[in-house]
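Working through the structure, step by step
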Amino acid sequence: MDTSNHWYGHAHILSEYCGLPFEEPRPIWGVLQHGWNLLHGFGPGHAPPYGFPKFVWSHANLRRGQAIGWRDYAVIGAPWNYLLELKKDTEPVPPAAEREGTIFYPFHTWDHGQVSGDHDRLISEIRDTEDGPVTVCLYWIEYEMPEVRRSYEDAGFRVICHGKRGTLRQGTDTRFLHKQYAEQIRHRRVASNRLTTAIFYGASVGSEVAVYGDPMTFSDVRDASVRDGNEQARRLFPEFHGVETDAEEVRATTVRELGLDAMASPAELRALFGWEPTG
């Protein structure tokens, strides 16, 4: 099993959706897309082994993969979509009138590259833009940097972290997306200084979304395969950028990019993943 299948608890959510144990999902025969991106469904430098199925969110990811000669694709939509299906009866999205404030996701560093930017400038932009309470959700790396976390706390923002995505199946917060869902449905707006996965998730639960502020950038990137992508995202998805966005346009794009119209049934997923009973 590709260990990235466990990131954010994706395999766990899909196992529960299929009527199988949440805590210890079976190995998936293939590789899951783990986040929204402008590439072939997988991150820079992440090339699934030849012949293994590639389970991606959208037909756009499939087309970009096929353009570089990759095959063995299956479009199943984002694992987030299946969480929405699991939550619809037990923890439904509340009416807009019951939601308030903004949750903001600053662009973050990752395991193989640092982000350079001005947090104080971003804080100022958030304060000048948002009405009502603001929650800032930091990636676990920034959350564990006292100077970064304190800068947002000192601005009067509530600061949280959804958890760790995990590495080599160690340290994964299997309820990462459950926590993200709980936070997003209590806020009226979801915003970021980059078009990221969290923005699409927010749009999928009916939040207002906005992308604005100092976009920050990767610093000291030695691997040429790591692309910034911000300008490309602005050109391809202008409807998400700005402090106010059009809900209908955003929703239509979100359905397409998350593959909300491409979900599989439990029986179909079990067959695709090799989870059918044996013997």
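Refer to the structure above for everything that follows.
Small disclaimer: the values here were computed from a predicted structure and weren't measured. (Residues numbered from 1 in each chain as written. Predicted model: local features only at pLDDT ≥ 70, side-chain atom pairs only at ≥ 80, totals over all residues. Heavy atoms only, no water.)

A word on the environment of Pro92
The condition is simple: Only DSSP runs of H or I reaching four residues or more are called helices, and only runs of E reaching two or more are called strands; each is numbered from the N terminus. Accessibility here uses a 1.4 Å probe with only protein chains present; expressed as a share of the type maximum, an area under 20% marks a residue as buried, one over 50% as exposed, and anything in between as partly exposed. Residues are treated as being in contact if the distance between any of their heavy atoms lies within 4.5 Å.
As for its position among the elements, Pro92 is in the loop between helix H3 (79-90) and strand E4 (102-105). Relative accessible area serves as the criterion here: at 45%, Pro92 is assigned to the partly exposed category. Counting along the chain gives 90 residues from Pro92 to Ala182, while the straight-line C-alpha distance between them is 9.9 Å. Leaving out residues up to four positions away in the same chain, Pro92 has contacts with Lys87, Tyr181 and Ile185.

Here's the deal with the packing of helix H7 (residues 176-184) against helix H8 (residues 197-204)
For clarity, the cut-off: Every axis corresponds to a line fitted to the C-alpha atoms, with the helix fit spanning only the stretch in contact, and the corresponding angles, defined between N-to-C directions, vary from 0 to 180 degrees. Our angle categories are set so that under 35 degrees counts as roughly parallel, over 145 as roughly antiparallel, 65 to 115 as roughly perpendicular, and the remainder as oblique. If you view the pair so one helix is near and one far, a crossing is left-handed when the near helix is turned anticlockwise from the far one by less than a right angle, and right-handed when it is turned clockwise. Lys, Arg, Asp and Glu make up the charged group, whereas Ala, Val, Leu, Ile, Met, Phe, Trp, Tyr, Cys and Pro make up the nonpolar group; the residues left over, Gly among them, are polar.
Where H7 meets H8, the closest approach of the two axes is 10 Å, and the angle between their N-to-C directions is 55°. Classified by the interaxial angle, the pair formed by H7 and H8 is oblique. As for how H7 packs across H8, the hand of that crossing is right-handed. Residues Leu177, Gln180 and Gln184 of H7 lie in contact with H8, whose contacting residues are Ala198, Tyr201 and Gly202. Taken together, the residues of the contact of H7 with H8 break down into three nonpolar, three polar and no charged.

Some words on the packing of aromatic side chains
Our working rule: Any two of the Phe, Tyr and Trp rings considered here, Trp counted by its six-membered ring, make a pair once their centres fall within 6.5 Å; the pair's planes then place it as stacked at under 30 degrees, edge-to-face at over 60, or tilted in between. For a lysine, the NZ atom is tested; for an arginine, the CZ atom; a charge sits over a ring if that atom is within 6 Å of the ring centre and within 35 degrees of the ring normal.
Counted according to the given criterion, the structure contains 16 aromatic pairs. With a centroid separation of 4.7 Å and 70° between ring planes, the pair formed by Tyr17 and Tyr82 is classed as edge-to-face. In this pair, Tyr17 is assigned in helix H1 (residues 10-17) and Tyr82 in helix H3, connecting sequence segments 65 residues apart. One exposure class covers both Tyr17 and Tyr82, and it is buried. Of the aromatic side chains, those joined through ring pairs into one cluster are Trp36, Phe200, Phe237 and Phe240. The ring of Tyr73 carries Lys54 above its face, with NZ or CZ at 5.9 Å from the centroid. Sitting over the ring of Phe22, Arg175 keeps its end group 5.7 Å from the ring centre.

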